[in-house]
Amino acid sequence: MSVDASEPGAAVPSDFLGLSFEVAALRQIASYGGDGNLVTLLRSLGGGVLRFGGVTADEQIAWTDSATPSPPWALGALGASDFRALDSLAAESGWRILLTLGFGHYEPEAAAREAAAAKAALGESLEAIELGNEPNAYAQHGLRANPWTFVQYDEQVASYRGAIEAAAPGIPLAGPDTSGSSAYEQWGLGEAIYQRPVLLTGHHYPLGCRGNPAPSIARLLSPQIRQLEERSLRRYLLIAREAEVPFRLDETNSVSCGGVPGISNTFASALWSLSYMARAMTMGVAGINLQGNPLNCLGYTPVCAPTAEDIATGELQVQPEWYALLLARALIGERPLATTVTAPSRQDVDVTSFLASDGALHFVIVDDELPGARYVPVRLQVGPRFHAASILALTAPSPEALSGVTLGGQTVAPDGLWSQPARLPHAPNKNGVITVDLAPSSAVLLTVSPIVR
C-alpha cells in the first residue's frame with residue numbers, strides 16, 4: 001500500500017464529529033449540562049455538533065409559550081427553559097447545536113417563536129435550524145397530501161422563513177434533511193438554489209429494519225454495503241459541490257427503525273462506523289452525526305443509560321460506537337491522501353490515509369473479516385524518511401461482542417474519561433516499508449512520524 005502526498009485533500013473540519021438525538025430527548029439531554037458524565041464524554045471528542053431532530057420533531061413534540069398553547073397532536077412540549085438548559089450543556093462541552101423545528105404540522109408562527117427562543121438562549125452555540133425531519137417522505141407518513149414535491153415544500157419553507165426572519169433575524173438554515181440521497185437531485189439542489197442554506201443535510205442507513213435479506217453483521221460489514229454507502233455520499237456531494245455549500249450527514253447509523261439488537265449494539269457497529277466516518281472524511285463530507293437513543297442500550301446509540309436511575313442522574317454508558325468516535329478524533333484537522341492498495345489485500349480490509357500538520361501520516365485500517373480468518377500483512381511503503389509506526393488498536397472479543405471493547409488496550413472510565421496509553425506498540429520501518437499484521441475483526445490507527453534531521 002502506498003500514498004500520494006503531493007495533493008492532499010481539504011482538512012477534516014474541527015466539528016466533523018457529531019451525535020444526533022430525537023427532539024423528544026432534548027429536555028433530558030439538556031439537563032446533563034450540570035449533572036452526569038456527558039460533558040466529560042463530549043469534551044473527550046473535542047468540538048462537535050449535537051443535532052436534535054428525528055420523527056418526534058414533526059409528530060410528537062410541539063413548542064409552547066404564553067402565545068402558543070400545546071396543539072392536540074402533541075405528546076410533549078418544549079419551552080424556553082429547555083433551550084436555556086441546552087445552552088449550559090453547549091457552553092460546558094464546547095459543542096454547537098443543530099436544531100430541527102417541527103414542519104410536519106404547518107405552524108409557521110409557532111416555529112418562529114421557537115426559533116426566536118432558541119436564538120435568544122443559545123446565541124453563537126446555535127449552528128443552524130432545520131425545517132422538518134425527512135420532509136421528502138411526508139406524504140408517505142400522512143403529514144402532507146399528494147402531490148407533495150419539492151415545489152410544495154419550497155413554498156411552505158419560504159413562509160416559515162419569512163415568519164422566522166421577522167421574529168429572529170439572521171438564524172442560519174440547514175436542510176433539506178432528506179431521508180436519503182436518491183431524492184437529492186431535486187430536493188438538495190432545489191434547497192441550495194432557492195433557500196441558500198449554510199449547510200446541506202441528509203440521512204443514510206446502510207441497512208433497513210424491514211429489509212430483505214434481513215439485517216445482519218455480515219451484511220453491515222460487507223464490501224457491497226461500503227460500495228452503496230460511497231455511492232450515496234457521491235450523490236450528496238455532487239449537489240453540494242455544484243452549489244458550493246458544505247454537506248453534513250446529520251443522521252446515520254447501522255440499521256433503521258432504532259437499530260436491531262445483536263447488530264447495532266455490538267462491536268461490529270464500531271468497525272462499521274469507524275470505516276464509514278474515515279471514508280466520509282476522505283470524500284469531503286463536512287461532518288457526520290451518529291443517531292442515538294439514550295433510553296435504548298439495545299439499539300443503535302453511541303451512549304445510553306442502562307437504568308431509569310442512570311437516565312435521571314445522567315450517568316451514561318458508552319457503547320461500542322463511542323470507541324470509533326474516540327479513534328476518529330485523531331483525524332480532525334488532517335488532510336486526506338490518495339491511497340493505493342494493491343493485491344493480495346482482501347476486499348474486507350478498508351484503508352484510508354491522512355496527513356497531519358506536522359508531516360506525520362495516519363493510516364486507518366479496518367479488517368471486517370470474521371474471527372478465524374488469517375491475519376492480513378499490511379505493508380506500508382512510506383520511504384526511509386519516517387520512523388516506525390505506532391499502533392493504536394481498536395479490538396473486542398468478536399464482532400458480536402457487547403462489551404470488552406478497548407482502544408489502545410484502554411476502556412472508557414465511568415466518569416467518561418479515556419486516556420491513550422503512554423506507550424503503544426510499534427512496527428519498525430525496514431528499508432522504507434512498515435509491515436503490520438492486522439487481526440480479523442479489528443481496526444488500527446497507525447501513526448508514522450517523519451524523521452527530523
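Attention in this report is confined to the structure presented alongside it. Numbers given to residues run from 1 along each chain, matching the order in which its sequence is written. In keeping with the predicted nature of the model, local features appear solely for residues at pLDDT of at least 70, side-chain atom pairs appear and are counted solely at 80 or more, and the whole-chain, interface and lining totals rest on all residues. The basis for every side-chain value is the complete set of heavy atoms in the structure, and neither hydrogens nor water enter the calculation.

**Section: the side chain of Glu251**
Reasoning step 1: The topology assignment puts Glu251 in strand 10 (residues 247–252).
Reasoning step 2: Residue exposure (1.4 Å probe, protein chains only): buried if accessible area is under 20% of the type maximum, exposed if over 50%, otherwise partly exposed. For Glu251, a relative accessible area of 6% corresponds to the buried category.
Reasoning step 3: In protein, a polar contact means a hydrogen-donor-capable atom and an acceptor-capable atom, both N or O and within 3.5 Å, with residues adjacent in sequence counting only if both atoms are side-chain atoms; elsewhere, any N or O pair within 3.5 Å suffices. Of note is the side chain of Glu251, whose polar atom sits 2.7 Å from the side chain of Arg51.
Reasoning step 4: Should any heavy atoms of two residues lie within 4.5 Å, those residues are counted as being in contact. Ignoring anything within four residues of it in the chain, the contact list for Glu251 reads Ser20, Arg51, Gly54, Asn133, Glu134, Gly202, His203, His204, Tyr205, Asn289 and Gln291. Secondary structure follows DSSP: runs of H or I at least 4 residues long count as helices, runs of E at least 2 residues long count as strands, and numbering of each begins at the N terminus.

**Things to note about the packing of aromatic side chains**
Reasoning step 1: The aromatic pairing rule takes the rings of Phe, Tyr and Trp, using the six-membered ring of Trp, and pairs them if the centres are within 6.5 Å, calling planes under 30 degrees apart stacked, those over 60 edge-to-face and the rest tilted. Applying the stated criterion across every chain, the model contains 16 aromatic pairs.
Reasoning step 2: A centroid spacing of 5.7 Å and a plane angle of 35° characterise the contact between Tyr205 and Tyr300, whose relative ring orientation is tilted. With a gap of 95 residues between them, Tyr205 in the loop between strand 9 (199–204) and helix 8 (217–220) and Tyr300 in the loop between strand 11 (287–291) and strand 12 (303–304) connect regions that are remote in the sequence.
Reasoning step 3: With a relative accessible area of 8%, Tyr300 lands in the buried category.
Reasoning step 4: A connected cluster of aromatic rings, assembled from ring pairs, spans Phe103, Tyr106, Tyr138, Trp148, Phe150, Tyr153, Tyr160, Trp187 and Tyr194.
Reasoning step 5: Put simply, a charge is over a ring when the Lys NZ or the Arg CZ is close to the ring centre, within 6 Å, and near the line of the ring normal, within 35 degrees. Between the NZ or CZ atom of Arg144 and the centre of the ring of Phe103, over which it lies, the distance is 5.2 Å.

**Quick notes on the state of the cysteines**
Reasoning step 1: Counting rule for disulfides: a pair of cysteine sulfur atoms within 2.5 Å. In the structure shown here, the tally under the stated rule is two disulfides.
Reasoning step 2: With its sulfur 1.9 Å from that of its partner, Cys209 forms a disulfide with Cys257. Of the two residues, Cys209 is situated in the loop between strand 9 and helix 8 and Cys257 in the loop between strand 10 and helix 10 (267–283); the sequence distance between them amounts to 48 residues.
Reasoning step 3: Look at Cys209 and you get partly exposed, because its relative accessible area is 23%.
Reasoning step 4: Here Cys297 engages in a disulfide with Cys304; their sulfurs sit 2.1 Å apart. In this structure the cystine formed by Cys297 and Cys304 twists about its S-S bond by roughly 110°; its chirality is therefore right-handed.
Reasoning step 5: Residue classification places Cys297 among the buried positions, given a relative accessible area of 17%.
Reasoning step 6: Under the relative-accessibility criterion, Cys304 is labelled buried at 0%.

**What to know about helix 12 (residues 320–329)**
Reasoning step 1: For helix 12, the buried fraction is high: nine of the 10 residues fall into the buried class.
Reasoning step 2: Within helix 12 the residues assigned to the buried category are Pro320, Glu321, Trp322, Tyr323, Ala324, Leu325, Leu326, Leu327 and Ala328.

**Re the packing of helix 9 (residues 223–243) against helix 10**
Reasoning step 1: Orientation of helix 9 relative to helix 10, taken along the N-to-C sense of each, is 35°, at an axis distance of 11 Å. Note on packing geometry: the crossing formed by helix 9 with helix 10 is right-handed. Facing Arg226, Glu229, Glu230, Leu233, Arg234, Leu237 and Arg241 of helix 9, the residues of helix 10 in contact are Trp272, Ser275, Tyr276, Arg279, Ala280 and Met283.
Reasoning step 2: Split into classes, the residues belonging to the contact of helix 9 with helix 10 amount to six nonpolar, one polar and six charged. Axis lines are fitted through C-alpha atoms, for helices just across the contact stretch, and the angle between N-to-C directions can take any value from 0 to 180 degrees. For any pair of crossing helices, the crossing counts as left-handed if the nearer helix is rotated counterclockwise from the farther one by less than a right angle, and right-handed if it is rotated clockwise. Each residue gets one of three labels, nonpolar for Ala, Val, Leu, Ile, Met, Phe, Trp, Tyr, Cys and Pro, charged for Asp, Glu, Lys and Arg, and polar for the others, Gly among them.

**Quick look at the pattern of salt bridges**
Reasoning step 1: Salt bridge, as used here: a side-chain nitrogen of Lys or Arg that lies within 4 Å of a carboxyl oxygen of Asp or Glu. As enumerated under the stated definition, the model contains 11 salt bridges in all.
Reasoning step 2: The residue Glu92 makes a salt bridge to Arg43 at a minimum N-O spacing of 3.4 Å. Residue Glu92 is found in helix 4 (residues 80–93), and its partner Arg43 is found in helix 2 (residues 38–44); the two are separated by 49 residues along the sequence.
Reasoning step 3: According to the relative accessible area criterion, Arg43 is partly exposed, its value standing at 47%.
Reasoning step 4: Here Arg51 ties to Glu251 by a salt bridge, and the two come within 2.7 Å at their closest N and O atoms. Linking Arg51 in strand 3 (residues 49–53) with Glu251 in strand 10, this pair joins segments that are 200 residues apart in sequence. The residues Arg51 and Glu251 share a single accessibility class, namely buried.
Reasoning step 5: A single network of salt bridges, built from pairs that share partners, joins Arg51, Glu130, Asp177, Asp250 and Glu251.

**Examining the nonpolar core**
Reasoning step 1: Only buried Ala, Val, Leu, Ile, Met, Phe, Trp, Tyr and Cys residues count toward a nonpolar core, and they belong to the same one when joined by side-chain atoms within 4.5 Å. In terms of nonpolar packing, the biggest core is built from 116 residues, with Phe52 and Trp322 touching the most fellow members.
Reasoning step 2: Ranked by the residues each element gives to this core, the list is headed by helix 10, at 12 residues.
Reasoning step 3: Residues Leu361, Ala389, Leu446 and Val448 belong to the second largest nonpolar core, which totals 22 residues.

**Things to note about unusual backbone geometry**
Reasoning step 1: Residues Asn146 and Pro147 are joined by a peptide bond in cis, for which omega reads 0°.
Reasoning step 2: As for its position among the elements, Pro147 is in the loop between strand 7 (126–131) and helix 6 (150–167).
Reasoning step 3: Residue Pro213 follows Asn212 across a cis peptide bond; omega there is 10°.
Reasoning step 4: Relative to the elements of secondary structure, Pro213 occurs in the loop between strand 9 and helix 8.
Reasoning step 5: Here the phi dihedral of Cys257 falls at roughly 70°; this positive angle occurs in a residue that is not glycine.
Reasoning step 6: The phi torsion at Asn431 lies on the positive side, around 55°, for a residue other than glycine.
Reasoning step 7: On the secondary structure map, Asn431 appears in the loop between strand 21 (429–430) and strand 22 (433–438).

**Describing the pairing of strand 15 (residues 349–355)**
Reasoning step 1: The buried fraction of strand 15 is high, at seven of seven residues.
Reasoning step 2: Pairing between two strands is assigned when DSSP locates at least 2 bridges connecting them. The pairing of strand 14 (residues 335–340) with strand 15 spans three bridges and is classified as antiparallel. Bridging across to strand 15, Pro336 finds its partner in Phe354.
Reasoning step 3: Note that strand 15 and strand 16 (residues 361–367) share seven bridges and pair antiparallel.

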